[in-house]
Amino acid sequence: MIKSIKIISLMILAFLIVGCTNGEEKDYKLIQCSRKAQTASDNVDIKLSYKIYYKDDYVKKVIAIDEVESSDSSVIKQYIDSYEKVYSSYDGLKHFSNKITSTNNSMKSVTEIDYAHIDTDRLLEIEGKDDNVIDKDGKVPLKDFIAFYEKYGAECDD
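Residues numbered from 1 in each chain as written. Predicted model: local features only at pLDDT ≥ 70, side-chain atom pairs only at ≥ 80, totals over all residues. Heavy atoms only, no water.

Asks: Just checking my understanding: could you explain the overall build of the chain for this structure?
Replies: When helices and strands are tallied, the chain shows 4 helices and 6 strands. Written out in order from the N terminus, the α and β elements of the chain read α-β-β-β-α-β-β-α-α-β. Within the span of the chain, comprising 158 residues, buried residues form 44% of the whole. (Helix = DSSP H or I, 4+ residues; strand = E, 2+ residues; numbered from the N terminus. Buried < 20%, exposed > 50% of the residue type's maximum accessible area, 1.4 Å probe, protein only.)

Next comes the structure, spelled out in structure tokens:
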């Protein structure tokens, strides 16, 4: 159980480090990435999917959808608690949102980061600069972002 929470926490961190609908995404191109995991020890299925909107080789917006299923409601509660703890650091950060919904045997987290408008200096204060793909100009190069996700097992359509 703890191992699977650590894995999902790593994927959340990966999403946040390399990471508001306002209609601009119609001008953006889209790449989708996904990763699935299953843990035998606590019977958990995890599906992670990412919609990466980009323009001119820079990430503009990301929508991450994390879905966790387990027959054990206490496991779902632990995942919810972990997600809420991670995302509480981002409270009040404009152009960043997270919503968690759940049932007894599943939880879903939807996170949106609008990199075209977010205060990247503030984002880096929260996340730290180590192993972050935000460049010196406050932009997120698409190739670095994709490489970071793939490093953690995500598969992306190019």
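Asks: Before we go on, may I ask you to explain the state of the cysteines in this structure?
Replies: Two cysteines, two sulfur atoms, one covalent bond between them: this is a disulfide. Considering all chains together, one arrives at 1 disulfide under this definition. Here cysteine 33 pairs with cysteine 156 through a disulfide, and the sulfurs are 2.0 Å apart. A torsion of 105° about the S-S bond marks the disulfide between cysteine 33 and cysteine 156 as right-handed. One end of the pair, cysteine 33, is in strand 1 (residues 29-39); the other, cysteine 156, is in strand 6 (residues 155-156), with 123 residues separating them in the sequence. We note that cysteine 33, like cysteine 156, is buried. (Disulfide = S-S within 2.5 Å.)

Asks: Help me out: how do you make sense of the nonpolar core in this one?
Replies: Soluble globular proteins tend to bury their nonpolar side chains together. Membership of the largest hydrophobic core comes to 37 residues, with the highest contact counts inside it found for Cys33, Ile52, Val59, Tyr79, Tyr115, Phe145 and Tyr149. Counting residues per element, the ones that place at least two in this core are strand 1, strand 2 (44-55), strand 3 (58-70), helix 2 (73-88), strand 5 (106-113), helix 3 (120-127) and helix 4 (142-151). (Core = buried A, V, L, I, M, F, W, Y, C linked by side-chain atoms within 4.5 Å.)

Asks: Teacher, can you tell me more about unusual backbone geometry here?
Replies: A negative phi angle characterises most non-glycine residues, just as the trans form characterises most peptide bonds. Phi at aspartate 56 is positive, roughly 55°, even though this residue is not glycine. Following the sequence through the fold, aspartate 56 ends up in the loop between strand 2 and strand 3. Judged by relative accessible area, which is 61%, aspartate 56 ranks as exposed. Here histidine 95, not a glycine, exhibits a phi torsion of approximately 70°, which is positive. In this structure, histidine 95 sits in the loop between helix 2 and strand 4 (96-103).

Asks: What should I look at first to understand the sheet that holds strand 5 in this one?
Replies: Pairing between the strands of a sheet comes from backbone hydrogen bonds, and it takes one of two forms, parallel or antiparallel. Read across the sheet, 6 strands follow the order 4-5-3-2-1-6 without closing on themselves; strand pairing throughout is antiparallel. Only two strands of the sheet have a single neighbouring strand rather than two, namely strand 4 and strand 6. Two strands pair when backbone bridges link them, and strand 4 and strand 5 are joined in this way by 8 bridges, in the antiparallel orientation. Within strand 5, the residue paired with lysine 99 across the bridge is valine 110. Most of the contacts of helix 2 go to strand 5, to which it runs at about 15°, and overall it touches strand 2, strand 3, strand 4 and strand 5. On top of the sheet, helix 4 reaches strand 1, strand 2, strand 3 and strand 6; it is set at about 170° to strand 2, its chief contact. (Pairing = 2+ DSSP bridges. Contact = heavy atoms within 4.5 Å. Axes fitted to C-alpha atoms, helices over the stretch in contact; angles between N-to-C directions.)

That is the geometry; function is a separate question.
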